[in-house]
Structure formats: C-alpha cells, structure tokens
Amino acid sequence: MKTLRSDFLWGGATAANQFEGAWDVDGKGPSTSDMCTNGSHKTPKRITRQIEEGTLYPSHEAIDFYHHYKEDIALFAEMGFKTFRLSIAWTRIFPTGMEEKPNEAGLAFYDRVFDECLKYGIEPLVTISHYEMPFALTEAYNGWAGRECIDHFVRYCEVLFERFKDKVKYWLTFNEINAGTMKMGNFLSLGILNEGTDDFINQVDNEQLRFQGLHHQFIASAKVVKIAHEKYPQFQMGNMICFITMYPYSCNPDDILEAQKDMQMMNWFCSDIQVRGEYPYYAKRYFEENNITVKMEKGDFEILKDGCVDFYTFSYYMSSCVAKNPIQEQVSGNLMGGLKNPHLKESDWGWQIDPKGLRYTLNEIYARYGIPLMVVENGLGAYDIIEEDGSINDDYRIDYLKEHIEQMKEAVADGVDLMGYTPWGCIDLVSASTGEMAKRYGFIYVEKYDDGTGTLARRKKKSFNWYQKVIASNGENL
Ligand code: BG6
C-alpha cells in the first residue's frame, strides 16, 4: 500500500471568530460573527444590529486564543503538527474594512502567532476570510452583494501578503465559499442581511443576491491569486469548499439526475470557477430556470481566467442522500441536511459519518481537476466527559479520525495527490452553526461552557496522544 508523502502536512484547523476571542481588543472592529448570539441544537443563532446588553455572543471571548496562543501552539507542537490552519480576522487589520491604513496592533498579533508557529517548525496555513467580514461592510453594502467589497478585500490581502510574505506560504481565499450557493450562506459567508429577519438560520432567502455576492467573491479571489502569483512566487494559493458528497437515494434515474444537479450547483460550481477560471456550462440553465441574473463587468471573464488556484482544499464531515421525491427520513448536516442513509451512523448532531465517502470524494475531485488536494477540515463534534481522574476518553473521536485517515490512505494508493490533513477544531472551539461549546472537536479540551462560563483551562484528551503517534509515524500507526 502506498504511504503518504514524506512532507505530508499533518496539523489542525481553526477559525479566528470561533477561537480568538478579544473581539474588541487592540483596535479590532466588530465583524459579522461578532453580531451573532449563541444558539443551540434547537434554537437558532440570532443576528443583532447592535450589541444587546446581557446577551451572550460566543465569538467575544470564545476560547481566548488571543491571550493563550503561546500555550496552545506549544501543545500543537507537542502533537507534532507540521502545519496549523488559522484564519485572520479582517477586522483586526481593517476595523471597518474601509480604512486606507491597516491597524498595526492587529498585524502585530499575527506576527507573534506566526513567529511562535515557525519557532516549532509549524507552517501556517492561512484562511483569509473564514465566515466573517467587517460588520461595517454589511451595513454599507449589504456585504458581498456590493461590488465595492472587492476593492476592500484586495487592499486587505495586499497588506497581508506584504507583511507576512516571509512567514506564510499557504493561503486560502474564502472558507467554504460554496456556502453561498445555499440559503445558510446568506449571512454566514456573504454578510448579506435580508430586511426583516434576524434569525441566522432561517433568514429570508434571496438567491439572486447570493449568486451576485458569490460573483464578487470569485472576482476578489481571482484578483488576489493573480497578485500573489505575480509578486510572491513562493506562495501557494488555494480555494476551500465545503464538500457534501451527495449520493442518489436509489438507482432510479430521477434520483441520479437529482443528485447530479445538487452535486453540480452545491459542490462543483465554485471550484469549477476557481480552478478552471470560468463559469461552468450547467450554470446557464440553472440561472435561467431560477430567474438569476448575475451582473458582471467588462473584463470579469479575464480576471477569473487569470486567477486560478494552485491547490484545492475542502472540508469533509459527512455525506448525504438525494431523491427526486423524498419520502424518506431526513437528517441534519453541515450547512444542509438530507435524507437518511440506512448504511451510515450519525453523530450526536445528526451528521452522517461516512469515511469511505472521503475516499470516493478525493477520487472524484482529483479526477476532475488533477491538482494537489488537501483535507483542511474533518472531525467529529461530540459531547466529551471529564472523568473523576481528570481524563477524557474520546475513543469515539479516535475511531472517527482513524477511519477517515485509513480512507485517505486508500485514496493516495488510488493515485490521488494529497498534500495534508488538518482536522477541524484541533482545540475545542465555538461551533459555527449553533454557537455551542458543548459540540467539541478537539484533541485539547477547553474548560468553557455554553453559558459563557469556564476557567479556559486546557487539558489533553486521549486523542491527543493518539494523534501524536499518528503524526510521528506519518499515518502508519493508527
Ligand atoms: C465547517 C466550518 O463548515 O464546519 C467551520 O468551516 C465549522 O467553521 C465546522 O465550525 C464544523 O461545524 P460546526 O457547526 O459543528 O461548528
């Protein structure tokens, strides 16, 4: 069996708004995620236009990586991380997104973080925008619905590239950009506020605005990829997709076609543009049938063509089933639910666990694009229990990760070029969908709870030592 490459990038993944805290420290401005209240399994997060006294906003303190970064990076180093995926909070650098000059204190924080990583030989993998943007841009332009955001984003990236050119080599433009093809993406990834609604999950949907916002993100992404290629040849620029593998529920050709349509518009559409540099043929019919008109400017096609990414990254947590006339039981999932697959088990949050689906997905993506791939999120959100002796025996998490790594290795044996693996929430952090702390992914437990209380103390889980062994053996010892 073929082994993983010797420079395989083992690590873990996080996002600024879910773990940094310090939301208003050192000149940082409010981001869209700072305006989201907590939620739960059953109660959706709310978006508030102003900060409400007495309401809990999980991003405000999160797990306070801002003040614990040395301790946390030391723990990542102890596990043997080769890379650490984190995002930069745009509002630390440009508090409203519209300033001409960046906020030095914000840049200095990331200097400290990157220096700490490099001290241990950990390569930073930076997501430039992970489910947040300056809230001021939402108010000024309705987020990415406004074309003005492109220039503000380009200026932000130019500052990052120049400042961190000797510290960061791997960059991803937008986290899970394809969330914008789904209703959930309105506020989460596009910063779009549809009037009259403040419910994060059930926002009134405006598909026209979503695809317009996506177009602006494609242009912004392509522009900064081009800048990177021209000025910083040492950079590797990637996209990032939330891959939700859709199986037809049955062999009924109607179900097959339904699954193909969903695969195209939800999984392939964004990367077809970011990897191949042009809108895919099937988008035309979808836009016509759904009365979507994307306003483009002269030169946009050239911009897309000139800004193709170097590598493809994605998150993979689950798969889903699709039928033309669904009568089967529904389950929940990442960004969207689907039909229950009788062959799979589910997590405590109803996400269907499908390790073999990862092998299938890696093969499908590689067959389509033939560029290096990286799994930049994968993991099990679960309730963890601290035993009386202080240990946390998360064998369920070890099993989940082990089975997925086995399938990654199968895909590599199939011939897929896989660069690395960064499981999600390597340290417990706030859940993006619900705002909970109880939904834990980490190798490191953080004493922080759903009601906002907790000492913030860090503890190693059983999976910590397991992952250390996996990395030390380059995936041979699972
Ligand atoms: C991905 C996001 O969709 O899934 C992360 O990029 C998110 O930000 C992760 O946290 C897990 O989802 P959740 O809702 O369990 O936090």
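Here the structure is a predicted model, which is why all the values come from computation and not from measurement. (Residues numbered from 1 in each chain as written. Predicted model: local features only at pLDDT ≥ 70, side-chain atom pairs only at ≥ 80, totals over all residues. Heavy atoms only, no water.)

S.K.: Quick question: what am I supposed to make of the overall build of the chain here?
M.R.: Each helix and strand in the chain was counted, giving 15 helices and 16 strands. Relative to its length of 478 residues, the chain is compact, with a C-alpha radius of gyration of 21 Å against a globular reference of 23 Å. If you line up the chain on its principal axes, its C-alpha atoms span 60 × 55 × 45 Å. Put simply, the chain has 478 residues, and 61% of those count as buried. Summed over its atoms, the accessible surface of the chain is roughly 18,000 Å², and 49% of this surface lies on carbon and sulfur atoms. (Helix = DSSP H or I, 4+ residues; strand = E, 2+ residues; numbered from the N terminus. Rg over C-alpha atoms; globule rule 2.2 N^0.38 Å. Buried < 20%, exposed > 50% of the residue type's maximum accessible area, 1.4 Å probe, protein only. Areas by Shrake-Rupley, 256 points an atom, 1.4 Å probe, with all protein chains shown as cover.)

S.K.: What's the story with unusual backbone geometry in this structure? I'm lost.
M.R.: Most peptide bonds are trans, and most residues other than glycine sit at a negative phi. A positive phi angle is found at D64, which is not glycine, with a value near 55°. Positionally, D64 belongs in the loop between α2 (58–61) and α3 (65–79). Its relative accessible area of 11% is what places D64 among the buried residues. At E176, a position not held by glycine, the phi torsion is positive, near 40°. One can find E176 in the loop between β4 (170–174) and α8 (185–188).

S.K.: How should I be thinking about the pairing of strand β13 (residues 373–377) in this particular structure?
M.R.: Along any regular strand the residues' side chains alternate between the sheet's two faces. Within β13, five of the five residues are buried, which leaves it mostly tucked inside the rest of the structure. Pairing geometry for strand β7 (residues 311–315) and β13, over four bridges, is parallel. Its bridge partner being in β13, S315 is matched across the sheet by E377. In terms of strand pairing, β13 meets strand β14 (residues 418–421) through three bridges, oriented parallel. Bridged to L373 within β14 is L418. Note on the crossover from β13 through helix α14 (residues 395–414) to β14: the handedness is right-handed. (Pairing = 2+ DSSP bridges. Right-handed = clockwise from strand over helix to strand, strands pointing away.)

S.K.: Would you explain the environment of I73 in this entry?
M.R.: Secondary-structure assignment places I73 in helix α3. Remark: the alpha-carbon pair of I73 and E377, spanning 304 residues in sequence, is separated by 18 Å. The contact partners of I73, leaving out residues within four places of it in the chain, are F65, V113, E116, C117, Y120 and I122. (Contact = heavy atoms within 4.5 Å.)

S.K.: Quick question: what am I supposed to make of the side chain of S189 here?
M.R.: If you trace the backbone, S189 turns up in the loop between α8 and α9 (207–231). In contact with S189, other than residues within four places in its own chain, are Y131, W144, A179, G180 and Q217.

S.K.: Mind showing me how you'd approach the site of the ligand here?
M.R.: If you check the shell around the ligand, you find 15 residues, and the closest are E176, A432, S433, K439 and Y441. Here an oxygen atom of the ligand and a side-chain polar atom of H130 are 2.8 Å apart. Notes on the ligand: free accessible area 380 Å², of which the protein chains cover 99%. For the shell around the ligand, a count of residues per class yields six nonpolar, six polar and three charged. (Near = heavy atom within 4 Å. Polar contact = N/O pair within 3.5 Å; in protein donor to acceptor, adjacent residues only side chain to side chain. Nonpolar A, V, L, I, M, F, W, Y, C, P; charged D, E, K, R; others polar.)

S.K.: Teacher, can you tell me more about the side chain of Q352 here?
M.R.: Within the secondary structure layout, Q352 lies in strand β12 (residues 352–353). Reaching out from Q352, the side chain makes a polar contact with the backbone oxygen of S319 at a distance of 3.4 Å. Side-chain polar atoms of Q352 contact the backbone oxygen of L339, separated by 3.2 Å. In this structure, Q352 is in contact with Y317, M318, S319, S320, V331, L339, K340, N341, L344, K345 and E346, ignoring residues within four places of it in sequence.

S.K.: Explain the confidence of the model for the chain here, please?
M.R.: Close inspection of predicted coordinates is inappropriate for parts of the model with low pLDDT. Chain-level pLDDT for the chain is 96 on average; 99% of the residues reach the 70-or-more range. Per-element averaging of pLDDT across the chain places strand β9 (residues 330–331) at the bottom with 76 and strand β2 (residues 83–87) at the top with 99. (pLDDT = per-residue confidence, 0-100.)

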